[in-house]
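Chain by chain, the residues run as shown.
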Amino acid sequence: MQRRQFIMLGLAAGATLATGLTLYPMFSEADKTQQQQNASLVLDALLPAILLGALPKTEAEQQQALQSTRQAVLDYLPFLPKRQQAELQQLFFLLSQQLTRLALTGHLLALGELSLEQRLQLLSSWRDSYLTLLQQAYNGLRELLLAAYYGQPAHWQALAYTAPEFRAYE
Amino acid sequence: MNDPIKTGLAKGWRHIDAATLTEDQQFEADVVIIGTGAGGGMTAEILTQAGLSVIMLEQGALWSSSDFRQQERWAYPHLYQDGAGRKTKDQAIAILQGRTVGGSTTVNWTTSIRTPKPTLDYWQAEFGLDFSAEHSLEPYFAKAAGRLHISEWQVPPNPNNAALKRGCENLGWQYTVIERNVHGCANLGYCGMGCPLNAKQSMLVTTIPAALEAGALLVSRVSARQFQWRGEHILQLDAVPVDQHYQPTPSVKLRFKARHYVLAGGAINSPALLLRSKVPNPSGRLGKHTYLHPSVISGALFRDAVSGHAGAPQSIYSDQFVWPKGDEAGFKLEVPPVHPVLMASKLTGMAELHAGMMQKFNHLQVMIALLRDGFHPDAQGGEVQLDADGEPVVDYPLTDYLWRGVQQAYLAMAELQFAAGAEAVMPVHQDAMLYSSWQQAKTAIAGLPLKTYRAALASAHVMGGCNMSADAAKGVVDANGSHYQLQNLSVIDGSVLPSSLGANPQLTLYALAWRNADVLAARLRG
Ligand SMILES: Cc1cc2nc3c(=O)[nH]c(=O)nc-3n(C[C@H](O)[C@H](O)[C@H](O)COP(=O)(O)OP(=O)(O)OC[C@H]3O[C@@H](n4cnc5c(N)ncnc54)[C@H](O)[C@@H]3O)c2cc1C
Ligand code: SF4
């Protein structure tokens, strides 16, 4: 099982590398909506896993936190160099596609259909993968998502952190 | 609250926000300066005061004290290069650089240190650079100290820095109280998000206002793309505005013509502009030998609150390990300010493990060890390359030599943190855990894999890529920053450094800029 999964991961990574060059120019302005959809799909699946233990208590607060964090990620992406944006869009694209999803995740289910535990296992398997690409995906997504969550003053209570304000921001 | 920039603009300082331009335009001046950080800001004041007409170009926006927010989610995208998401090519090292008027000086942590003597000796031996006797930088350190209110920080260190001091005292290790470039500092700790009180004497509130007052023109939100040159001369500089996300966008064409061009875009970006322009590069060193002071991180839990976000971010450093007797990699010990995004993204792990550490946020003491790269044959730095969009990316190989330094640094930091009274220490490494004694940490650290992505590495000091050298075969510019092949080009910023410094760079850069801008002013007037 382990071994088969590794081979699949290898295939997926190979496919990414092989298609990378042709995928990049394919993403034009017109595809922006599609890109946002891919990104949202993946973010919505990964955020509740990565933020396990950090999210607020009530269901309503959790939904609010997940939505605002997804939005914070989407708002931040355009500030990254175009090269990094394209790499992330590719990752979002691959993870939202049927075939590559199977290869990347080792599961037939969509990311969002996996249990939180399985999603965390998946992320850990990327972290410990021998493939540079997957290790980069783990590190990149982890940082991006956690930064977006802890960037919001609403989530500072658990940290007992406050920042001075010299005027009202927004 | 008083905002000197807004006040100056209201009285007629010349500023153009390139993003608002709708037609192609050409500008002319005696000197065009690209970049407004430590090198560019200092040069702008000196050249305008010498009576030269000056245009300053800056890719970032003209944000000032009344715009700054004490929130990382605003500061990183608006004030940092690549939205603070810059990384080395393999994504192993995170790189912080400023991208705003004032450059990195607008967001730096105010630590001001003169160039260490052994670094100058190395430059002399390796690159024939003589900064001794009548060529000494000492008078320029003194001038910069006067101009930027640099003096020893008299306020007691915050608990984050106090732990570093206490650890050193208990172990008998060297430490120094830091000098800072501040005036009227309220000890807030938000230097990295832009000083809201104009206390930090960055270029934004000192030399740039002086240059504007003396008639210089500032063009912000403009990206210098390419020099047009022929033979030994630059004919013009082509530039484009940036969009609301600071991405270069060819909505209009901007052309800048000058007698002389000063490149001050900082390490990584300065060599990138020269690479895009395909300037002559007979030494083969352009873009190469880019140094980072790769920094290793160690967290520690203390019973009493540390609150590393409050108070002057850096007030103590230790040079116990920076110049070892053997040829192993030296490192300087400091602490960073601890704010939620910086901490959350650097701390390893996720889910409950990560959340648990974040809940101890105010009890977390954090140390960094800055590896002194660039002195050893196995630490020759990275290479700036251009991506498909012409944007720079640094390919920085982590050698076995540097990895041994990483391990030594983890050990030193853990030992120090326990000596300072830590209850537990956690090297910031994917495979590390919380260790409850120095003995336990020592054994565990020896077993941590020294591999890319396992160790969290970061840099806030980017140096080199257009190195100075007395010998044209070993450098891009001479000791005055004059480009060896293009007569009307000088490079005055962190990219000229021929090795890392083993100390925080800003004061070295202010002194070098002052000296080299003086030389340039004399040359252009004479
Ligand atoms: C978070 C942080 C903390 C730091 N703390 C300290 C500290 O405490 N002490 C210390 O000594 N040093 C510190 N440093 C480092 C120090 O600030 C820098 O080494 C120094 O400012 C570098 O000066 P520079 O002139 O080379 O470039 P910078 O100050 O980085 O300025 C370069 C400017 O040029 C602009 N630019 C680049 N390319 C272009 C282009 N093509 N067109 C137009 N504009 C362009 C950039 O946007 C930038 O604003 C810190 C840095 C950071 C990021
Ligand atoms: S500590 Fe606060 S007041 Fe002092 S320089 Fe930094 S941001 Fe300004």
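Residues numbered from 1 in each chain as written. Chains lettered and ligands numbered in written order. Predicted model: local features only at pLDDT ≥ 70, side-chain atom pairs only at ≥ 80, totals over all residues. Heavy atoms only, no water.

### Here's the deal with the overall build of chain A
The number of helices and strands found in chain A is seven helices and zero strands. For chain A, the α and β elements follow one another from N to C terminus as α-α-α-α-α-α-α. The burial tally for chain A puts 48% of its 170 residues in the buried class. Look at the contacts in chain A between residues 6 or more apart in sequence, and 62% of them connect residues 24 or more apart. When the accessible surface of chain A is totalled, it reaches about 8,500 Å², and 59% of it is carbon and sulfur. (Helix = DSSP H or I, 4+ residues; strand = E, 2+ residues; numbered from the N terminus. Buried < 20%, exposed > 50% of the residue type's maximum accessible area, 1.4 Å probe, protein only. Contact = heavy atoms within 4.5 Å. Areas by Shrake-Rupley, 256 points an atom, 1.4 Å probe, with all protein chains shown as cover.)

### Focus on the sheet that holds strand E8 (residues 179-181) of chain B
Strand order in the open sheet formed by three strands is E5-E8-E6 (chain B), with antiparallel pairing between adjacent strands. Two strands in the sheet have a free side with no partner beyond their single neighbour: strand E5 (111-112) and strand E6 (150-152) of chain B. (Pairing = 2+ DSSP bridges.)

### Some thoughts on the interface of chain B and chain A
By a frequent convention, interface size equals the accessible area lost on bringing the separate parts together. Taken together, the 54 residues of chain B in the interface contact 47 residues of chain A. On the chain B side of the contact with chain A, B:Gln247, B:Met350 and B:Tyr453 bury the most area, a combined 15% of that side's loss. At the surface where chain B touches chain A, the tally comes to four salt bridges. B:Lys346 is paired through a salt bridge with A:Glu143; the nearest N and O atoms lie 3.7 Å apart. Counting residues per element, the ones that place at least two in the side of chain B that touches chain A are helix H3 (72-79), helix H9 (340-346), helix H10 (351-359) and strand E19 (392-395) of chain B. Counting residues per element, the side of chain B that touches chain A draws most heavily on H10(B), at six residues. In terms of residue class, the side of chain B that touches chain A is made up of 21 nonpolar, 21 polar and 12 charged. (Buried area = accessible area lost by both parts, 1.4 Å probe. Salt bridge = Lys/Arg side-chain N within 4 Å of Asp/Glu carboxyl O. Nonpolar A, V, L, I, M, F, W, Y, C, P; charged D, E, K, R; others polar.)

### As for the packing of aromatic side chains
Under the definition given, this model contains 15 aromatic pairs over all chains. Between A:Trp156 and A:Tyr161, the aromatic rings sit 4.9 Å apart at their centres with planes inclined by 90°, giving edge-to-face as the arrangement. The pair A:Trp156 / A:Tyr161 is uniform in exposure class, with both members buried. Lying across the ring of B:Tyr246, B:Arg99 places its NZ or CZ 3.9 Å from the centre. (Phe/Tyr/Trp six-rings, centres within 6.5 Å; stacked < 30°, edge-to-face > 60°. Lys NZ or Arg CZ within 6 Å of the ring centre and 35° of its normal.)

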